[in-house]
Structure formats: C-alpha cells, structure tokens
Amino acid sequence: MISRKTVLFGFIVLSLTGLVIYSQTVPEKKTVYQEDFENCNFEGELLECKDGALYLDTTNSAQTGEGIWSKNVSVSPGKISWNWNGQDLDKFSLWLKVTFSDHKSIYYVAAGSMNPQSEGEYYRDQENRRRFSPSVVISGIPMNTVERDLVEDYEKYCGPAENIKIEKMSAGFGDNSTQHQNILRISDLKIYGQ
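Okay, so let's go over this structure.

Cut-offs applied
- Residues numbered from 1 in each chain as written.
- Predicted model: local features only at pLDDT ≥ 70, side-chain atom pairs only at ≥ 80, totals over all residues.
- Heavy atoms only, no water.
- Helix = DSSP H or I, 4+ residues; strand = E, 2+ residues; numbered from the N terminus.
- Contact = heavy atoms within 4.5 Å.
- Areas by Shrake-Rupley, 256 points an atom, 1.4 Å probe, with all protein chains shown as cover.
- Buried < 20%, exposed > 50% of the residue type's maximum accessible area, 1.4 Å probe, protein only.
- Pairing = 2+ DSSP bridges.
- Core = buried A, V, L, I, M, F, W, Y, C linked by side-chain atoms within 4.5 Å.
- Salt bridge = Lys/Arg side-chain N within 4 Å of Asp/Glu carboxyl O.
- Phe/Tyr/Trp six-rings, centres within 6.5 Å; stacked < 30°, edge-to-face > 60°.

Of regular secondary structure, the chain possesses 2 helices and 14 strands. A separation of at least 24 residues holds for 69% of the contacts in the chain among residues at least 6 apart in sequence. With an accessible surface of roughly 12000 Å², the chain has 47% of that area assigned to carbon and sulfur atoms.

Structure representation (structure tokens):
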C-alpha cells in the first residue's frame, strides 16, 4: 500500500513538471509594432515627444490647446497595450484611435475625458463614390496601463474581423480649461501578434 506522503509527493512533482512544460510551450507575446515616440509627427504646438512618451503640457494656466499625433502602420490586429496618465485633469481630452483597412475605426477614450470631435471616416469606394464609416467610441478607459484585444473589440462593435489590417494609429490631446494646468501623456504603445 502506498502511503499518503508518497502520493502527496508524487502529486507535487507531477504538478511542478506540468507547470514547467506549460511555461515552455505557451508562446510569449510577440510584439509586431512598438512606438517609441522619438520621431514624432503631430499637429499642434503644445505636443512634445520626450523620453519615450508623447505628451501635452499646458503649464501656463492661461494656455489651452490641443494636438493630434498620427502614424501610418500596416500590421495585423492582435492585442494592443499602452500607458497613459495625466495631472490636474479638468476639461481635457485624451484618446487613442485605431483605423483599420476597411475604413472602420475605434476610439479608446480615457476616463474623465471629453469624447473626440470626429464622427467617422469619409472614403471613396471602388466606384469612386463617397462613403462614410462611423467610428466606434469606447469611453471610460482607466488612466493607467491598458491592454485591449483589438480583434475582440472589432468583432464586438464592427463585425467579423476577416482580412483586416491596422492602417493608422492616432492619439489626441486637448486642454480646454484655463483653471487647471493639464499634463497628459501616452507611452509604451505596442501591438502584439495573434
């Protein structure tokens, strides 16, 4: 007859072995796109890139303004992560927009932020007719490190995610308050493969 100690020891050894094998076979997240915000392309005098972050800093209390950063990319959607934060938040806007190859787009809007002004994408179809594709706005995203599944969000709000690619990434910053000194930041923007 096998003692309880032997059975318990065998169970522990098998569990640890299974854990080691599982950690060896589960693939790590593969980064397919990473933005370091070193060579910035943006509209607006108040936006700056520094130390791997894109930010808007209205330290003069009478100064307000906004800016938009954008970058063309061509990657398949997977998971996306970024870090955003802010200080002295009042009447501000902070959002990240992902535009797909079928002209659909999703805005991720920070908690407490005003929603973006854009209502969607105008484009020309194959017969050169002007078309409009409304944007999806997901608001209330916490100010911290964020991770979202782009495919899951796309399928939930836009339809089947077949043969789509990400074509453009944008980030919008705005300070509409003369009472506060808003500092808004985005950093560590990454897209992971499926």
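On we go.
The next thing to look at is the side chain of D125. The residue D125 is located in the loop between β9 (120-124) and β10 (130-134) in this model. Given a relative accessible area of 19%, D125 falls into the buried group.

Across the 6 residues of strand β8 (residues 105-110), 6 count as buried, placing the element largely inside the fold. Of the two faces of β8, the one lined by S105, Y107 and V109 and the one lined by I106, Y108 and A110 are each fully buried. By the bridge criterion, 5 bridges tie strand β7 (residues 92-100) to β8 in an arrangement that is antiparallel. Residue pairing across strands places K97 opposite Y107, the latter belonging to β8. Alignment of β8 against strand β11 (residues 136-141), held across 4 bridges, turns out to be parallel. Across the sheet, A110 pairs through a bridge with I141, a residue of β11.

Turning next to the nonpolar core. Counting residues in each nonpolar core, the largest one holds 36 residues, and the members touching the most others are I80, W82, W84, I166, M169 and F173. Broken down by element, the residue count for this core peaks at 5 residues, all from β7. In this view, F173 contacts L47, L54, Y55, L56, G65, E66, G67, S93, L94, L184, R185 and I186; residues no more than four positions away in its chain are not counted.

A complete count under the given rule lists 7 salt bridges for this structure. In this structure, K97 engages E121 in a salt bridge whose closest nitrogen and oxygen atoms are separated by 2.4 Å. Residue K97 is located in strand β7, and its partner E121 is located in strand β9; the two are separated by 24 residues in the primary sequence. With respect to class, K97 is no different from E121; both count as buried. Here R131 makes a salt bridge to D125, at a shortest N to O gap of 3.0 Å. Three or more residues joined by partner-sharing salt bridges are found here, namely D125, E127, R129 and R131.

Let's shift gears to the packing of aromatic side chains. Enumeration according to the criterion identifies 6 aromatic pairs in this entry. Judged by centre distance (5.0 Å) and plane angle (80°), the ring pair of W95 and Y107 falls under edge-to-face. In this pair, W95 is assigned in strand β7 and Y107 in strand β8, connecting sequence segments 12 residues apart. For the pair W95 and Y107, a shared accessibility class is recorded, and that class is buried.

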